Amino acid sequence: MPRLQLITVSTRPGRVGPQVAAWAAEEARRHGGFDVETLDLAEIGLPFLDEPEHPSESKYVHQHTKDWSATISRGDAYVFVMPMYNGTYTAPLKNAIDFLHHEWQDKPVALLSYTAGPSGGVPAIEALRPILTRIGFRPTERSVSVPGIAELTGPDGFQAPEGLSGELADLLDELAKQLTEAEADAAARV
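Residues numbered from 1 in each chain as written. Predicted model: local features only at pLDDT ≥ 70, side-chain atom pairs only at ≥ 80, totals over all residues. Heavy atoms only, no water.

What follows concerns the nonpolar core. Among the nonpolar cores identified, the biggest contains 28 residues, and Leu4, Leu6, Leu112 and Val146 are the most heavily contacted of them. Secondary-structure elements contributing two or more residues to this core are strand S1 (3-8), helix H1 (17-31), strand S3 (77-83), strand S4 (108-114), strand S6 (144-146), helix H6 (149-152) and helix H7 (164-189). In contact with Leu112, other than residues within four places in its own chain, are Val20, Trp23, Ala24, Val79, Phe80, Val81, Met82, Val144, Val146 and Leu168. Membership of the second largest hydrophobic core comes to 27 residues, among which are Val9, Leu41, Trp68 and Leu132. (Core = buried A, V, L, I, M, F, W, Y, C linked by side-chain atoms within 4.5 Å. Buried < 20%, exposed > 50% of the residue type's maximum accessible area, 1.4 Å probe, protein only. Helix = DSSP H or I, 4+ residues; strand = E, 2+ residues; numbered from the N terminus. Contact = heavy atoms within 4.5 Å.)

In structure tokens form, the structure reads like this:
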């Protein structure tokens, strides 16, 4: 089965990203189309990009970059579980993306955003999509946005509102379809 990496991108204390990611991972396992791996940028602890060569050269000198490269290389598709801060995506997410280049190429990525406000993080998704495309990802057309996250998280974890499981299942179906299309494109190039 293809490996789906669900990546929690918030790193601040008191964050709810791990609760949302745990729910999404369980839903992805229930979906059955992926081997699911969860990653957490707070645990990975990347510094700000500190490689002397451009990431497209893949000449990594720091062990943390080599480890990040090996981790991401295991993935076939990704879901970024992302809050919206100040109307956009987080600096740790952009930094984690910027460390690598070849590892992301032609791989499907989906966005699951959340925010305390009514937008659900849609402005962050809209800001990130062109960057993902430019880097070489295959972003899904669908995304999942969760407004009012403060009322949905607590000691019992994330309580998904009605219909959200179906939205995520549709997103996972699109990721699976993109993987099939990417494999067909790669086979056609051979």
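There's more to say after this.
A few words on the environment of Ile7. In this fold, Ile7 is placed in strand S1. A C-alpha to C-alpha distance of 7.2 Å links Ile7 and Tyr78, two positions 71 residues apart in sequence. Those residues in contact with Ile7, other than ones at most four positions away along the chain, are Leu39, Leu41, Ile72, Tyr78, Val79, Phe80 and Val81.

Within S4, 7 of the 7 residues are buried, leaving the element largely enclosed by the surrounding structure. Residue alternation in S4 divides its side chains into two sets, Pro108, Ala110, Leu112 and Tyr114 and Val109, Leu111 and Ser113, and both sets are buried. Here 6 bridges tie S3 to S4, and the two strands are oriented parallel to one another. Across the sheet, residue Phe80 finds its bridge partner in S4, namely Leu111. Between the parallel elements S3 and S4, the chain passes through helix H4 (residues 91-98) in a crossover that is right-handed. With 2 bridges joining them, S4 and strand S5 (residues 138-139) adopt parallel strand pairing. Pairing of Pro108 across the sheet is with Arg138, part of S5. With 3 bridges connecting them, S4 and S6 associate as parallel partners. When the sheet's bridge partners are listed, Ser113 is paired in S6 with Ser145. (Pairing = 2+ DSSP bridges. Right-handed = clockwise from strand over helix to strand, strands pointing away.)

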